[in-house]
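# Coordinate analysis (summary)
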Amino acid sequence: MKWTKSLLAATLSLALTACSEIDCPLQNIVALRVGFYGADGAQVQLPDTLSILAAGTDSVLFNRGIAITSADIPVSYTREADTLLLRMADAAGRVATDTLIFGHTNQVHFENIDCPPAVFHAITSVRWTSHDPSALPMTVDSVVVASPNINYDAQENLKVYIRTR
């Protein structure tokens, strides 16, 4: 009986150590990180509600963020430019939309043959439009590329400077 238990324990131990572990990254989400800043350069919490939509589609990429300082947005891996609609709404029901357009390259990235591929991006250009501040006081003032590489790293890619008056 003792010999059987030892053999069973050895077999189980061998079976558990013989399995190979797949080296796929655990945090495998590729997303554009947008941070929001005031005129003084300090990161700010947006005073109004923000939704981010993909232009030309009915896709909502970020829905009704309140008092946020940043947002993670998926990037198209088939196009070379994305147009985002930044829809802002205040408590009084006023709504205004700014546009953020950024060009990017797309590069397929393989970690391991057993892992699904990812698409990394590099920002090549950025431009924006701002709504009239009389419609809603919060509007995009300017946008700066903080880090052009969009990959698994959770780093800020764009700094959006907000004008509140």
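### Concerning the pairing of strand β1 (residues 32-37)
Counting buried positions over the six residues of β1 gives five, a clear majority of the element. Across four bridges, the pairing between β1 and strand β10 (residues 158-163) is parallel. Paired with tyrosine 37 across the strands is tyrosine 161, a residue of β10.

### What about the packing of aromatic side chains?
Tallied over the full model, the rule gives two aromatic pairs. Ring geometry for tyrosine 37 against tyrosine 161: centres 5.7 Å apart, planes inclined by 40°, an arrangement best described as tilted. Of this pair, tyrosine 37 sits in strand β1 while tyrosine 161 sits in strand β10, placing them 124 residues apart in sequence. This pair shows no difference in class: tyrosine 37 is buried, exactly as tyrosine 161 is.

### Some points on the environment of glycine 65
On the secondary structure map, glycine 65 appears in strand β3 (residues 60-66). You can call glycine 65 buried: its relative accessible area is 7%. Separated by 14 residues in sequence, glycine 65 and serine 51 place their C-alpha atoms 6.4 Å apart. Beyond its immediate sequence surroundings of up to four residues, glycine 65 is in contact with Asp48, Thr49 and Leu50.

### Some thoughts on the environment of serine 51
By secondary structure assignment, the location of serine 51 is in strand β2 (residues 49-54). Taking C-alpha positions, serine 51 is 9.4 Å from threonine 97, a pair spaced 46 residues apart along the chain. Discounting residues that sit within four places of it in the chain, serine 51 has contacts with Phe62, Asn63, Arg64, Leu85, Leu86 and Arg87. A polar contact of 3.0 Å, which involves the side chain of serine 51, links it to the backbone nitrogen of arginine 64.

### Some details on the confidence of the model for the protein
Averaged over all residues, the pLDDT of the protein is 86; the fraction at 70 or higher stands at 84%. Across residues 14-20, confidence stays below pLDDT 50; counting only partners more than four residues off in sequence or on other chains, it has zero contacts.

### Quick word on the sheet that holds β10
Strand order in the open sheet formed by four strands is β4-β1-β10-β8, with mixed pairing between adjacent strands. Both outer strands of the open sheet, β4 (70-73) and β8 (139-145), are each paired with one neighbouring strand and no more. On average, adjacent strands in this sheet sit at an angle of 25° to one another, irrespective of strand direction. Across six bridges, the pairing between β8 and β10 is antiparallel. Within β10, the position partnered with valine 143 by the bridge is valine 160.

The rules behind the values
- Residues numbered from 1 in each chain as written.
- Predicted model: local features only at pLDDT ≥ 70, side-chain atom pairs only at ≥ 80, totals over all residues.
- Heavy atoms only, no water.
- Buried < 20%, exposed > 50% of the residue type's maximum accessible area, 1.4 Å probe, protein only.
- Helix = DSSP H or I, 4+ residues; strand = E, 2+ residues; numbered from the N terminus.
- Pairing = 2+ DSSP bridges.
- Phe/Tyr/Trp six-rings, centres within 6.5 Å; stacked < 30°, edge-to-face > 60°.
- Contact = heavy atoms within 4.5 Å.
- Polar contact = N/O pair within 3.5 Å; in protein donor to acceptor, adjacent residues only side chain to side chain.
- pLDDT = per-residue confidence, 0-100.
- Axes fitted to C-alpha atoms, helices over the stretch in contact; angles between N-to-C directions.

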